[in-house]
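# Working through the structure, step by step
Below are the chains, spelled out letter by letter.
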Amino acid sequence: MRKLAAMLLAALLLQGTYGPVSQMPDTVRGSVTIEETGAALAQTILNSQSDGESYTALSQEDAEFCLTQVYDISLDDPTGGAAIYVVGGVNAREIAVIWGKDVGQRDNAEALDTYRQNRYADFFGYAPAQAELVKIGQVLSGENWLVLLLCAEPEKAREALARDYPGLALERYDQKETSYDWRQYYDERGYRRFISPNLVDMTLYDTGPILVAYATGNSRGLSEKDAAILQKCRGILSACVTDGMTDFEKELALHDWLVDNCGYDLTARYSLSATGRADNKNPYGLLVEGYGVCLGYATSFQLLMDLAGVECITVVGASVNSSRDHAWNMVKLEGEWYCVDLTWDDPVFSVDPAFYLPSWLAERHHRYFNVTSDDMRETGHQWDYDSVPEAAATRFRWDGVGQKPV
């Protein structure tokens, strides 16, 4: 019944501004609201997708916030609005139908496609399969309509809309490439220039008191939060590090413990929340509460490596053309430096991994483990290249098969 109703609505176009009555089938006359037609458009898209049932609708309040604050779409029409469907967790799938008088004008279409490109930056490196889904995504534009297709089968969605709504004349919007001198974005070595985004506070957590308490065995002066961190660290070290381990073996064991037992704070990246949960950028959030963002991963790994006696530093830089603040680590093994990005090694997903993360999931656990600086530059990392050591060694990188260096 629901599908039948959607099909009937899909056959209707509004009179006047939104589509003349002459475009309606002879067997169906009458009027529906523009909101109902927008909902029908969205349902047509969902019906065209083999995974359409996995999408859920945003509430009206969240949809309105998303429309103006996230998509940056301006609506002068009081009858304008949006129907937005998403898939939760670490997932790029998102379908939006936006309506309103003249909403499809160029600046709004450009704003929506800019949002699509920014979503690619959000997922690049961290979730490559989702980044690829964004890459094939489309923005469709009509006089009074905009459609965002971040879905597995955007061409099927486009064909369904063209079949059921020929009068809307929805065309794919593609931003024209501006002629840039791309050399200005690279230094004389061919490295992508680093410009600190400064979107969030990337100040490192002070672990000094914890290190002193661990070394002296006296934790009485620690804050309640630091005492909890130290207690958790002792448990992790006891479980992961044994006598006679090499520095590489310690590093690998601690890396794997963090990736296996902690998770990215999805509220910081994949919801309307700007900052996410408290303490997600320090070891308390990751080690005690089990969640964190990149700085939480990096400072937690740094702390554990310090306690284990392995030389390690934290690099605060950026990712995806310096559009996102990012942090990772470098570890010194037998006199040579290696790069480690635990955040991008964490294989998190929210739905059937066999469908969305097929081939790279097993590899991903160590994709950014003990790689070179060149590897980092080639995968969208930027930093102040002259202020940190250059990692060129390959001996202790992951071999892709067993827990041993190449």
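Located above this text is the structure these notes cover.
Scope of this entry: the structure provided in the associated data block. Within any chain, residue numbers begin from 1 and follow the written order of that chain's sequence. Where totals are concerned, whole chains, interfaces and linings use all residues; where local detail is concerned, this predicted model gives features only for residues with pLDDT of at least 70, and gives and counts side-chain atom pairs only at 80 or more. With hydrogens and water set aside, each side-chain value is computed from the structure's full complement of heavy atoms.

## Topic: the overall build of the protein chain
In terms of helices and strands, the protein chain carries 16 helices and 13 strands. With a 1.4 Å probe rolled over the protein chains alone, any residue whose accessible area is under 20% of its type maximum counts as buried; one over 50% counts as exposed, and the rest are partly exposed. Split into buried and exposed, the 406 residues of the protein chain put 49% on the buried side. For the protein chain, the computed accessible surface area is about 19,300 Å², with 49% contributed by carbon and sulfur atoms. For the purposes of this entry, the term helix denotes a DSSP run of H or I that reaches at least four residues, the term strand denotes a run of E that reaches at least two, and both are numbered from the N terminus. Values of accessible area rely on a 1.4 Å probe in the Shrake-Rupley scheme; residue burial ignores everything except the protein chains shown.

## Considerations on the pairing of strand S3 (residues 94-99)
Of all six residues that make up S3, six are buried, and the element is covered over most of its length. With burial as the criterion, each face of S3 is covered, one bearing Glu94, Ala96 and Ile98 and the other bearing Ile95, Val97 and Trp99. Pairing between strands is defined by DSSP: at least two bridges between the two strands are required. Strand direction decides the pairing type here: strand S2 (residues 81-86) and S3, joined by six bridges, are antiparallel. Within the sheet, the bridge partner assigned to Ile84 lies in S3 and is Ala96.

## Thoughts on the packing of aromatic side chains
What counts as a ring pair is set by centres within 6.5 Å for rings of Phe, Tyr and Trp (its six-membered ring), and what kind of pair is set by the plane angle: stacked under 30 degrees, edge-to-face over 60, tilted for all other angles. This model, assessed by the stated rule, comprises ten aromatic pairs. Ring geometry for Tyr71 versus Tyr115: centroids 4.8 Å apart, planes at 65°, classification edge-to-face. Linking Tyr71 in the loop between helix H3 (60-70) and S2 with Tyr115 in helix H4 (residues 106-123), this pair joins segments that are 44 residues apart in sequence. In terms of burial, Tyr71 and Tyr115 fall into one category: buried. Linked through ring pairs, Phe248, Tyr338, Phe369, Phe396 and Trp398 together constitute an aromatic cluster. Directly above the ring of Tyr186 sits Arg192, whose terminal nitrogen or CZ lies 5.3 Å from the centroid. Consider the ring centre and the ring normal. A charge sits over the ring if Lys NZ or Arg CZ is within 6 Å of that centre and within 35 degrees of that normal. Directly above the aromatic system of Tyr368 lies the positively charged group of Arg367, at a separation of 4.7 Å from the ring centroid.

## A few points about the nonpolar core
What we call a nonpolar core is a set of buried Ala, Val, Leu, Ile, Met, Phe, Trp, Tyr and Cys residues that are connected through their side-chain atoms within 4.5 Å. Among the nonpolar cores identified, the biggest contains 39 residues, and Leu254, Leu258, Phe301, Leu304 and Val331 are the most heavily contacted of them. Breaking this core down by element, the ones donating at least two residues are helix H7 (208-216), helix H8 (224-240), helix H9 (247-261), helix H11 (283-289), helix H12 (294-308), strand S10 (324-333) and strand S11 (336-340). When residues in this core are grouped by element, the largest group, seven residues, is from H12. In what follows, a contact means two residues having at least one pair of non-hydrogen atoms within 4.5 Å. Contact partners of Leu304, with chain neighbours within four places excluded, come to Cys233, Ile236, Leu237, Leu254, Leu258 and Leu287. Core analysis: the next-biggest nonpolar cluster, separate from the first, contains 26 residues, Ala92, Tyr115, Val134 and Tyr173 among them.

## Examining the packing of H9 against H12
Relative to each other, H9 and H12 sit at 145°, their axes nearing to 10 Å. Considering the relative orientation of H9 and H12, their crossing is right-handed. For the pair H9 and H12, contact is made by Lys250, Glu251, Leu254, His255 and Leu258 and by Phe301, Leu304, Met305 and Ala308, respectively. By the convention adopted, Pro, Cys, Tyr, Trp, Phe, Met, Ile, Leu, Val and Ala count as nonpolar, Lys, Arg, Asp and Glu as charged, and the other residues, Gly among them, as polar. Here the residues of the contact of H9 with H12 sort into six nonpolar, one polar and two charged. Only the stretch in contact is used when a helix axis is fitted, and all axes are lines through C-alpha atoms; the angle between N-to-C directions ranges over 0 to 180 degrees. Less than a right angle of anticlockwise turn of the near helix away from the far helix marks a crossing as left-handed, whereas a clockwise turn marks it as right-handed.

## Quick notes on the sheet that holds strand S4 (residues 138-142)
One key point about sheets: their strands pair by backbone hydrogen bonds, in either a parallel or an antiparallel sense. One open sheet holds the six strands; their spatial order is S1-S2-S3-S5-S4-S6, and the pairing between them is antiparallel. The open sheet terminates on both sides in strands that have one partner only, identified here as strand S1 (56-57) and strand S6 (171-172). The sheet contact formed by S4 and strand S5 (residues 145-150) spans five bridges and is antiparallel. Looking at S5, one finds that Val139 is bridged to Leu148. Along the sheet face, helix H2 (residues 34-48) touches S2, S3 and S5 and points at about 155° away from the line of S3.

## Points about the side chain of Ser48
Among the structural elements, Ser48 can be located in helix H2. Ser48 gets classed as buried once you look at its relative accessible area, which sits at 16%. At 2.5 Å, the side chain of Ser48 forms a polar contact with the backbone oxygen of Ile45. Residues adjacent in sequence count toward polar contacts only when both atoms are side-chain atoms; beyond that, a polar contact is any pair of N or O atoms within 3.5 Å, and within protein one must be able to donate a hydrogen and the other to accept it. One polar contact links Ser48 to Gln49, side chain to side chain, over a distance of 3.1 Å.

## Focus: the environment of Asp384
You can see Asp384 is positioned in the segment after strand S13 (381-382). For Asp384, a relative accessible area of 40% gives the class partly exposed. Placed 67 residues apart in sequence, Asp384 and Gly317 show a C-alpha to C-alpha distance of 7.1 Å.

## Concerning the pattern of salt bridges
Pairing is possible between side chains of opposite charge, provided their charged atoms come close. For this analysis, a salt bridge means a side-chain nitrogen from Lys or Arg found within 4 Å of a carboxyl oxygen belonging to Asp or Glu. For the coordinates displayed, the defined rule picks out twelve salt bridges. Taking the shortest distance from any N to any O, the salt bridge between Arg189 and Asp187 comes out at 3.0 Å. Of the residues examined, Asp187 reaches a relative accessible area of 12% and is grouped as buried. Arg277 serves as the salt-bridge partner of Asp265, at 3.2 Å between the closest nitrogen and oxygen.

## Description of the sheet that holds S13
Ordered in space as S12-S11-S10-S9-S13, the five strands form an open sheet in which the pairing is antiparallel. A single partner strand is all that each edge strand has here, and the edge strands are strand S12 (369-371) and S13. Relative to S11, S10 runs antiparallel, the two being bridged by five bridges. From the neighbouring strand, Leu333 faces S11, where its bridge partner is Glu336.

## Considerations on the environment of Glu36
Within the fold, Glu36 resides in helix H2. Residues Glu36 and Ala83 lie 47 residues apart in sequence; the distance between their C-alpha atoms is 9.7 Å.

## Overview of the pairing of S2
Taken across its six residues, S2 has five buried, putting it largely inside the fold. Examined bridge by bridge, S1 and S2 share two bridges and lie antiparallel to one another. Across the sheet, Ala57 pairs through a bridge with Tyr85, a residue of S2.

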